[in-house]
Amino acid sequence: MAPIPGSGLAKGLAVTLRTMTKKTVTEQYPDTQPDLPPRTRGVIGLFEENCTVCMLCARECPDWCIYIDSHKETVPAAAPGGRERSRNVLDRFAIDFSLCMYCGICIEVCPFDALFWSPEFEYAETDIHELTHERDKLREWMWTVPAPPALDPGAEEPKEIAAARKAAEKLAATQAAAQAARSDLADPADPADPTEPPEGQS
């Protein structure tokens with residue numbers, strides 16, 4: 001069936017009329033903070049301990065607004081006869097929010113969950129140069145990141161938690177076996193009571 005001429009215009013005007021009849025709500029900001037959705041893209045927080053300086057976020061950023069500096073340190077061998085290893089140490093992690101377009105690519109590509117969205121949005125500056133925030137400020141915003149949503153009741157347990165639980169159970173079983181072995185050595189079987197008559201005698 002062919003559409004009725006002018007039906008699209010009528011639908012558009014109906015939306016306009018519905019909007020015109022709604023009550024206007026004025027946000028009393030900054031006296032009253034807005035009720036933002038929990039996963040609001042306000043600012044990016046850095047969990048520094050998870051960052052391995054892989055540079056993936058900086059390479060994938062379409063605006064090139066992430067600046068990372070690092071150096072290598074030698075880690076001594078964990079066991080005798082082992083070899084030394086080198087690891088990257090983070091010196092600088094900064095984001096220029098005057099360039100950032102809040103696409104979230106850096107957060108999506110981070111393989112070690114070092115970057116998170118925070119709903120914090122009050123970081124306006126009078127000087128554009130002050131919008132480049134260093135890792136200390138990004139670390140402060142990390143504590144405003146909301147907790148992740150709960151899993152569905154029938155969802156599979158995350159692999160990291162399952163692996164950690166299995167390792168903890170294995171360690172507890174090993175410690176229990178060692179404790180039992182130590183108690184057996186400390187308390188040998190008691191000898192026969194000398195007051196009891198030998199077998200075959202009453």
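What you see as residue numbers is a count from 1 along each chain, following the sequence as written. Totals for whole chains, interfaces and linings use all residues, but because this is a predicted model, local features are given only for residues with pLDDT of at least 70 and pairs of side-chain atoms are given and counted only at 80 or more. Excluded from the side-chain calculation are hydrogens and water; included are all heavy atoms of the structure.

1. Focus: the overall build of the protein chain
Quick reminder of the rule: Strands are runs of DSSP state E lasting at least two residues, helices are runs of H or I lasting at least four, and both sets are numbered from the N terminus onward. Note that the radius of gyration is over C-alpha atoms, with the globule rule given as 2.2 Å times the number of residues to the power 0.38. Relative accessibility thresholds used throughout: buried, under 20% of the residue-type maximum; exposed, over 50%; partly exposed, between the two (1.4 Å probe, protein chains only).
Helix and strand counts for the protein chain stand at five helices and five strands. In the protein chain, the succession of α and β elements from N to C terminus is α-β-α-β-β-α-β-β-α-α. Over its C-alpha trace the protein chain gives a radius of gyration of 32 Å, far above what one expects of a compact globule, namely 17 Å for 202 residues. In terms of principal-axis extent, the alpha carbons of the protein chain reach across some 115 × 55 × 45 Å. Looking at the 202 residues of the protein chain, the share that counts as buried comes to 18%.

2. Some words on helix H4 (residues 135–142)
Applicable threshold: Picture the helix axis, draw a direction to every C-beta atom, and the arc is the one those directions span. The contact criterion used throughout is that any non-hydrogen atoms of two residues lie within 4.5 Å.
Taken as a whole, H4 has its buried residues at Leu 138, Trp 141 and Met 142. Down the axis of H4, the smallest arc covering the buried residues is 110°, so these residues share one side. Considering only its buried residues, H4 is in contact with strand E1 (43–46), strand E3 (85–96), strand E4 (115–118) and strand E5 (132–133).

3. Here's the deal with empty space enclosed by the protein
What counts is decided by this rule: A cavity here means a set of points on a 1 Å grid, drawn over the protein atoms and nothing else, where a 1.4 Å probe fits but cannot get out; a pocket is an open set with protein on both sides within 12 Å along at least five of seven lines, and a residue lines either one if it has an atom within 4 Å of a point. Grid points are joined across faces, edges and corners, and a volume is the space filled by probe spheres set on the points. Think of it as three bins: nonpolar holds Ala, Val, Leu, Ile, Met, Phe, Trp, Tyr, Cys and Pro, charged holds Asp, Glu, Lys and Arg, and polar takes everything else, Gly as well.
Applying the stated criterion across every chain yields a total of two cavities of 30 Å³ or more. Here the largest cavity is characterised by a volume of approximately 110 Å³. Along the wall of the largest cavity there are 15 residues; nearest its centre are Cys 51, Cys 54, Cys 57, Cys 110 and Ala 114. Grouping the constituent residues of the lining of the largest cavity by class yields 13 nonpolar, two polar and no charged. Reported here for the second largest cavity is a volume of approximately 90 Å³. If you trace the second largest cavity, you find 13 residues lining it, with Cys 61, Cys 65, Cys 100, Cys 103 and Cys 106 closest to the centre. Taken together, the residues of the lining of the second largest cavity break down into 11 nonpolar, one polar and one charged.

4. Overview of the packing of aromatic side chains
Spelled out, the test is: Side-chain rings of Phe, Tyr and Trp (the six-membered ring for Trp) are treated as a pair once their centres are within 6.5 Å; stacked means planes under 30 degrees apart, edge-to-face means over 60, and tilted covers the remaining angles.
One pass over the structure, following the stated rule, counts six aromatic pairs. For the pair Tyr 29 and Phe 121, a centre-to-centre distance of 5.9 Å together with 40° between the ring planes defines the contact as tilted. Taken together, the positions of Tyr 29 in the loop between helix H1 (7–21) and E1 and Phe 121 in the loop between E4 and E5 put the pair 92 residues apart, joining distant regions of the chain. For the ring pair Tyr 102 and Trp 117, a centre distance of 6.3 Å and an interplane angle of 25° mean the geometry is stacked. Residue Tyr 102 is found in the loop between E3 and helix H3 (105–109), and its partner Trp 117 is found in strand E4; the two are separated by 15 residues along the sequence. The class for Trp 117 is buried, based on a relative accessible area of 13%. Taken together, the ring pairs connect Phe 97, Tyr 102, Trp 117, Tyr 123 and Trp 141 into an aromatic cluster.

5. Digging into the layout of surface pockets
Estimates place the volume of the largest pocket at around 320 Å³. Around the largest pocket sit Arg 39, Arg 41, Ile 107, Asp 113, Leu 115, Phe 116, Trp 117, Met 142, Val 145, Pro 146, Ala 147 and Pro 148, which together line it. Of the residues forming the lining of the largest pocket, the biggest block, three residues, is contributed by E4.

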